[in-house]
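# Chain and residue survey
Okay, here's what each chain looks like letter by letter:
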Amino acid sequence: MDEKQKRILQYSAMLTAQIFEMFQEEDCENYLGDREVNSVEFGMALMHANCRIFKTFFGETNVNLLEASHMCNSLAVEYLMQYGKISKQDDEESDDE
C-alpha cells in the first residue's frame, strides 16, 4: 500500500469514526442515537455535507449537489482504477476493497 492510499484510508477511518460517534456517544454534540434515522434521508444529508465540504474547504464555489456527486463518482473511479479491481479496459462493477 502506497502513502497516498494510506492517507485516503486514514481519512476514511477518521470520518467514519466521527459519524459513528454521532450514533453511539451520548455526550456527542450531534448525538443521533436516540432518534429513528431514515437511511435515505441520512444518505442525502451526507451528499449535502459533501457538497458543502467541496465549497468551503476546496474552493469549489460554483458546485451544486449534482456536480459534487459527479466529482465523488469520478474520484471513486480513479481510486478503483488505481487500487481496486477494475482497470481502464474493464468496466465491470467492483467492490471498493
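Here we summarise the structure given alongside this text.

The rules we used
Residues numbered from 1 in each chain as written. Predicted model: local features only at pLDDT ≥ 70, side-chain atom pairs only at ≥ 80, totals over all residues. Heavy atoms only, no water. Phe/Tyr/Trp six-rings, centres within 6.5 Å; stacked < 30°, edge-to-face > 60°. Helix = DSSP H or I, 4+ residues; strand = E, 2+ residues; numbered from the N terminus. Axes fitted to C-alpha atoms, helices over the stretch in contact; angles between N-to-C directions. Parallel < 35°, antiparallel > 145°, perpendicular 65-115°, else oblique. Contact = heavy atoms within 4.5 Å. Nonpolar A, V, L, I, M, F, W, Y, C, P; charged D, E, K, R; others polar.

## Looking at the packing of aromatic side chains
Per the stated rule, a full pass over the model turns up 3 aromatic pairs. On the basis of an interplanar angle of 70 degrees and a centroid distance of 5.3 Å, the ring pair of Phe23 and Phe42 is categorised as edge-to-face. With Phe23 in helix α1 (residues 3–24) and Phe42 in helix α2 (residues 39–58), this pair connects stretches of sequence that are 19 residues apart. Judged by centre distance (4.9 Å) and plane angle (45 degrees), the rings of Tyr79 and Tyr83 are tilted.

## Overview of the packing of α2 against helix α3 (residues 65–83)
Relative to each other, α2 and α3 sit at 90 degrees, their axes nearing to 9 Å. Here α2 lies roughly perpendicular to α3, going by the angle between them. Here Met44, Met47, His48, Asn50, Cys51 and Phe54 of α2 lie close against α3, whose contacting residues are Leu65, Ala68, Ser69, Met71, Cys72 and Leu75. Here the contact of α2 with α3 is composed, by residue class, of 9 nonpolar, 3 polar and no charged.

Purely geometric numbers; function is a separate question.
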